[in-house]
Amino acid sequence: MVNQHMKSKVRILVLGTNRLYINKNMAVVNSILKQSGLTRFYGPGYVDSKTLKKGLSAFVDATGPYDIVIIDAVTLFWTKKNGADPLKGSFNYFSYSDIEHCFQDMIDFFLNSSKSIPHKVFYPNFDPYNVSNQQLELLESTESYLLTRDSKFWLKKEQMEDLEMEKFSNSVNDNWAEFIDKSGEKIVSFHGTVGEDEFKYHPLEFRSFDVAVPGVGYYNRAKALDNLKLVNNGIKLSLDGQGIKRKLRSRFFLLTQTRKSLSDYQETFFRTIEDSKMCFTCGSALGYSIRKFVEIPSRGGVLLCKPFAGFKHVGYLSGKNCFAVEPDTIGDRVTQLLGDMDELERVARAGQEMVLDLHSFSSRVSQIRSMFESMIDNDFEGSEWLDGNLNIIKARC
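Just so you know, these numbers come straight off a predicted model, no measurement behind them.

Calculation notes
- Residues numbered from 1 in each chain as written.
- Predicted model: local features only at pLDDT ≥ 70, side-chain atom pairs only at ≥ 80, totals over all residues.
- Heavy atoms only, no water.
- Pairing = 2+ DSSP bridges.
- Helix = DSSP H or I, 4+ residues; strand = E, 2+ residues; numbered from the N terminus.
- Contact = heavy atoms within 4.5 Å.
- Axes fitted to C-alpha atoms, helices over the stretch in contact; angles between N-to-C directions.
- Buried < 20%, exposed > 50% of the residue type's maximum accessible area, 1.4 Å probe, protein only.
- Arc of directions from axis to C-beta.
- Salt bridge = Lys/Arg side-chain N within 4 Å of Asp/Glu carboxyl O.
- Core = buried A, V, L, I, M, F, W, Y, C linked by side-chain atoms within 4.5 Å.

Let us look at the sheet that holds strand E11 (residues 276-281). Within the open sheet, the five strands sit side by side as E10-E9-E11-E12-E13. Their pairing is parallel. Strands with a single pairing partner mark the edges of an open sheet, and in this sheet they are strand E10 (237-238) and strand E13 (323-324). Both strand E9 (residues 209-212) and E11 contribute to a ladder of three bridges, which runs parallel. Looking at E11, one finds that Ala 212 is bridged to Cys 279. Relative to E11, helix H8 (residues 219-231) is tilted by about 135°, and along the sheet it contacts E9, E10 and E11.

Okay, here's the thing in structure tokens:
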């Protein structure tokens, strides 16, 4: 039997910008990539200015060789016209005026990297609902693998309920969903992930609030919040992580862009979840599998939700480890659920265990490492989640 620990680690080069976001997803992705092989990061905020001036090719010559090079959407789709715009809304470990020249260097290297690094991976760290055909033509030309969800998790416009009610509805297109439809053999399956340190184990009995609706006020979240306020039958509703309070904290961070204001926002968000027996969320009309679907169960609360596309395929079962609810009747449903705290506690624990088994940091590292190893063995032909299991598709000999 081959000792897995004796197998050579995959050598990974990650190109991007070192930034802190309100959403922790990018930080989690970087941690996963760091643990998935012998990984080095290159780009503004990752290496010093002297190294950036020498250029990426010199860095690879000095630190390589590498098996895989990974680039994110913000970097690959950067243009001089957009300049620093894509870098707003985050705390940046660099000044844009000092590093503008780096972007084209990273793009050019990635486009031509097959000469020195055999495998390319693209990570879409953006909302792809309005990606342009020009951007997708550039991506397609790279022949990259895609660190993202497979086609069952992406809706087309005609499948999106209540899309016209979302503020962003006029900018939505089907370009990304159609691109994923024809890219099955390139999918390196990735979904929302939480670190083991994010799991909280205090029982529902010790949580001050019955329910919360944390995050941005998408149409169905706003409708759920309105219904909970309307029912007003003794439900203890947390209002700290949504509405005007959330908007003020978000705007304060965008104005100051300090680590302190970012930390204050995140701490309030997580405290809202940890202090609530139940939390409602949705992936907007887009039906996205957003990180809140794993954050709520991991922190020990019961997930109430409008299911995202492909819901059951990544382990969610309504009535077993979560509850699918309608926003316009959520108040009555919450009242009903509070009538059986033993059952509610059971569902909370089941949800937490499911996320720990399938979507925790250690689980995701193992999954990504296996797909990367298959990639460098030249037998990787895509992957997909199906009925709670990750299937890695390999070429038949």
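More follows now that the structure is in view.
The parallel open sheet is built from six strands, whose spatial order is E3-E1-E4-E6-E7-E8. Taken across any chain shown, the strands that pair with only one partner, and hence form the sheet edges, are strand E3 (38-42) and strand E8 (187-189). Sheet twist, expressed as the mean angle between neighbouring strand axes with direction ignored, is 25°.

It is worth spelling out helix H6 (residues 133-142) at this point. Regarding H6, the residues found buried are Leu 136, Leu 139 and Thr 142. Looking straight down H6, one finds that the buried residues subtend no more than 110° of arc, so they occupy a single side. More than 90 degrees from the buried face of H6, the exposed residues found are Gln 134 and Glu 137. Check the buried side of H6 and you find it contacts helix H4 (73-76), helix H5 (96-111), strand E6 (119-123), strand E7 (145-148) and helix H7 (175-181). Where H6 terminates, the next one or two residues include Glu 143, which has phi positive at roughly 55°.

Here the focus is the pattern of salt bridges. Using the criterion set out here, one finds 17 salt bridges in the structure. A salt bridge links Glu 198 to Arg 299; its shortest N-O distance comes to 3.4 Å. In this pair, Glu 198 is assigned in the loop between E8 and E9 and Arg 299 in the loop between helix H11 (292-298) and strand E12 (302-305), connecting sequence segments 101 residues apart. The pair formed by Glu 198 and Arg 299 is uniform in burial state, with each residue classed as buried. The residue Lys 306 makes a salt bridge to Glu 326 at a minimum N-O spacing of 3.1 Å. On the criterion of sequence distance, the pair formed by Lys 306 in the loop between E12 and E13 and Glu 326 in the loop between E13 and helix H12 (330-338) is long-range, its members being 20 residues apart. Linked through salt bridges whose partners overlap, the residues forming this network are Glu 198, Glu 274, Arg 291, Glu 295 and Arg 299.

Position of Tyr 96 relative to the elements: it lies in helix H5. Here Tyr 96 falls in the buried class, since its relative accessible area comes to 18%. Spatially, the C-alpha atom of Tyr 96 lies 42 Å from that of Val 211, the residues being 115 residues apart in sequence. Aside from chain neighbours lying at most four places away, what touches Tyr 96 is Trp 78, Gly 83, Ala 84, Leu 87 and Phe 103.

To continue, consider the nonpolar core. Among the nonpolar cores identified, the biggest contains 47 residues, and Val 188, Tyr 316 and Phe 372 are the most heavily contacted of them. If one sorts the elements of this core by residue count, helix H14 (residues 361-376) sits on top with six residues. Those residues in contact with Val 188 that lie beyond four places of it in its chain are Tyr 145, Leu 146, Leu 147, Thr 148, Ile 368, Met 371, Phe 372, Met 375, Phe 380 and Ser 383. Of all hydrophobic cores here, the second largest spans 46 residues; its members include Leu 56, Leu 76, Val 131 and Leu 163.

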